[in-house]
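Single-letter residue listing:
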Amino acid sequence: MAKICKSCGKEYTGDFCEHCGYGNPNLKVKSTEKYKKTTTPVRFMTPEQKEAYYAELKAKELERRRNGKKKKRDPKQIRLLIIVIIAVAVLVFGTLFGSGVIGFSEDSTDVVIKYFDAINERDFDDYVSCFPKEMKADYKDDLEQTGYTKDEYMEAFNADFAEEYGDDFTLEYEIVDIDTITEYSFDGYEEAYGVTPDISDANIVSVDVTFSGSLGSDTYRMDCYVGKVGRHWKMFNMEYNAGVITTDMEIEDPDQYSSGEDDEDSSEDSSEENTADSTDSTDE
C-alpha cells in the first residue's frame, strides 16, 4: 500500500521514502551531525583539546584561502576599526592644521587687522591670539595675577586711550605700506622667553591709525613687525613712526600725523604770531 511522504509529499511503498530519504534510520543529516559535535568552551579544554581545536581552525582557514573565500569578519569589529581610523585621521589632521603644515594661507595684514579690531572691540581673546604663544602666555598669566575679568583687563589696557580721547573712543586704521624684512634679530625675545621663534617670513606693515572720541582725535602712523610662524602670522612688535626726518631735524609732511583740531590750533597760533609781528612793526 502506497504512503504519502510527510517530508516531500510524494508516494512511497517501502519503510522509508526513496525520494528524500525520510524515515531511513541510516541517513545522516549534515545539520544534525554539526550540532552533535562538542561545544566545550576553549577555556575549559585540556591542552591536547586546545591544540587539536586550533589546528582544525588553521586547517579550515587554509582551505578557505585555497578556495578563494575571504574570512568573514564580525560587523562589530569592522565598525570599531572604522571608528579608530576616523579618530586617527582627525587627530593627525588637527595636529597638522594647528601647526600650520596644512590649511588656508594667511596674509601678513590679517594679524594687523585682527589686532586693531580686538582693541576696538575690547576683545581679550582675539587680542592675545595675535601674538606668538610665549607672549600670549604672558598676557594670560598677567590676567590671572590681576584678578580681572577679560573685559576689565581690556578696560585697564585701554585706560590711557580713554583718558586722552574719552571712554567712547574708537579707532580707524588704514594699511599704507608693506615691506619685507630680510635681516632681523630675536636676541631680546630669546633673552625674555628662552626660545627663538621659527620665522619663515617677516614684514613691516605700516598703518595709519586714527583714535577718535568725545575728547578729541589724533592720527598716528604705526609700524607693525609681524612674522610668520608655521601657517599663522603673529605680531612681535609695534613702533610709532614719526615719518621722514629732514636735515633740519623736522618731520617731513607733519600734517599727515596731526588731527584737524591740531591744524586749527596751529593756524590760530600762526595768526596770533603774525598779528603780534604786525603790531611790533607798527610800534616801531
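Basis of the calculations
Residues numbered from 1 in each chain as written. Predicted model: local features only at pLDDT ≥ 70, side-chain atom pairs only at ≥ 80, totals over all residues. Heavy atoms only, no water. Helix = DSSP H or I, 4+ residues; strand = E, 2+ residues; numbered from the N terminus. Buried < 20%, exposed > 50% of the residue type's maximum accessible area, 1.4 Å probe, protein only. Contact = heavy atoms within 4.5 Å. Phe/Tyr/Trp six-rings, centres within 6.5 Å; stacked < 30°, edge-to-face > 60°. Lys NZ or Arg CZ within 6 Å of the ring centre and 35° of its normal. Salt bridge = Lys/Arg side-chain N within 4 Å of Asp/Glu carboxyl O. Patch = residues over 30% accessible without salt bridge, like charges linked within 9 Å, V, L, I, M, F, W, Y side chains within 5 Å. Areas by Shrake-Rupley, 256 points an atom, 1.4 Å probe, with all protein chains shown as cover. Lys, Arg positive; Asp, Glu negative; His and termini not counted. Charge placed at Lys NZ, Arg CZ, Asp CG, Glu CD. Pairing = 2+ DSSP bridges. Axes fitted to C-alpha atoms, helices over the stretch in contact; angles between N-to-C directions.

(A) Just the overall build of the chain, in detail. Within the chain, the secondary structure is distributed over 10 helices and 6 strands. Each of the 284 residues in the chain was classed as buried or not, and the buried ones make up 24%. Within the chain, contacts between residues at least 6 apart in sequence are counted, and of these 52% link residues at least 24 apart.

(B) Structural detail: the packing of aromatic side chains. Summed over the entire model, instances satisfying the criterion amount to 20 aromatic pairs. With a centroid separation of 5.5 Å and an interplanar angle of 80°, the aromatic rings of Tyr127 and Tyr139 are classed as edge-to-face. With a gap of 12 residues between them, Tyr127 in helix 5 (residues 124-128) and Tyr139 in helix 6 (residues 133-146) connect regions that are remote in the sequence. With 5.9 Å between their ring centres and 80° between their planes, Tyr220 and Tyr240 make a pair best called edge-to-face. Taken together, the residues span a long stretch of sequence, with Tyr220 in strand 5 (residues 216-229) and Tyr240 in strand 6 (residues 232-241) at a distance of 20 residues. Note on Tyr240: relative accessible area 45%, which makes it partly exposed. Taken together, the ring pairs connect Tyr115, Phe116, Tyr127, Phe131, Tyr139, Phe157 and Tyr173 into an aromatic cluster. Against the face of Phe169 rests Arg122, its NZ or CZ located 4.2 Å from the ring centre.

(C) Local environment of the pattern of salt bridges. Scanning all chains against the criterion turns up 2 salt bridges. In this structure, the salt-bridge partner of Lys150 is Asp125, at a minimum N-O distance of 2.9 Å. Taken as a pair, Lys150 in helix 7 (residues 150-157) and Asp125 in helix 5 lie far apart in primary sequence, 25 residues in all. For Asp208, the salt bridge identified is with Arg221, shortest N-O distance 2.7 Å. Here the residue Asp208 occupies a position in strand 4 (residues 199-213), and Arg221 occupies one in strand 5, the gap between them amounting to 13 residues. Per residue, the accessibility class of Asp208 equals that of Arg221, and both read buried.

(D) Inspection of a negative patch on the surface at higher detail. Residues Asp151, Glu152, Glu155, Asp167 and Asp168 make up a contiguous surface patch of negative charge. Considering the arrangement of structural elements, one finds Asp168 in the loop between helix 8 (159-165) and strand 3 (170-180). Judged by its relative accessible area of 45%, Asp168 falls in the partly exposed class.

(E) Main features of the sheet that holds strand 6. Here we have 4 strands laid out as an open sheet, ordered 3-4-5-6, and antiparallel in their pairing. In the strand order of this sheet, the two ends are held by strand 3 and strand 6, each with one partner. If you compare each strand with its neighbour and ignore which way they point, the axes differ by 30° on average. Its contacts with the sheet put helix 4 (residues 108-121) on strand 3, strand 4, strand 5 and strand 6, and the angle it makes with strand 3 is roughly 160°.

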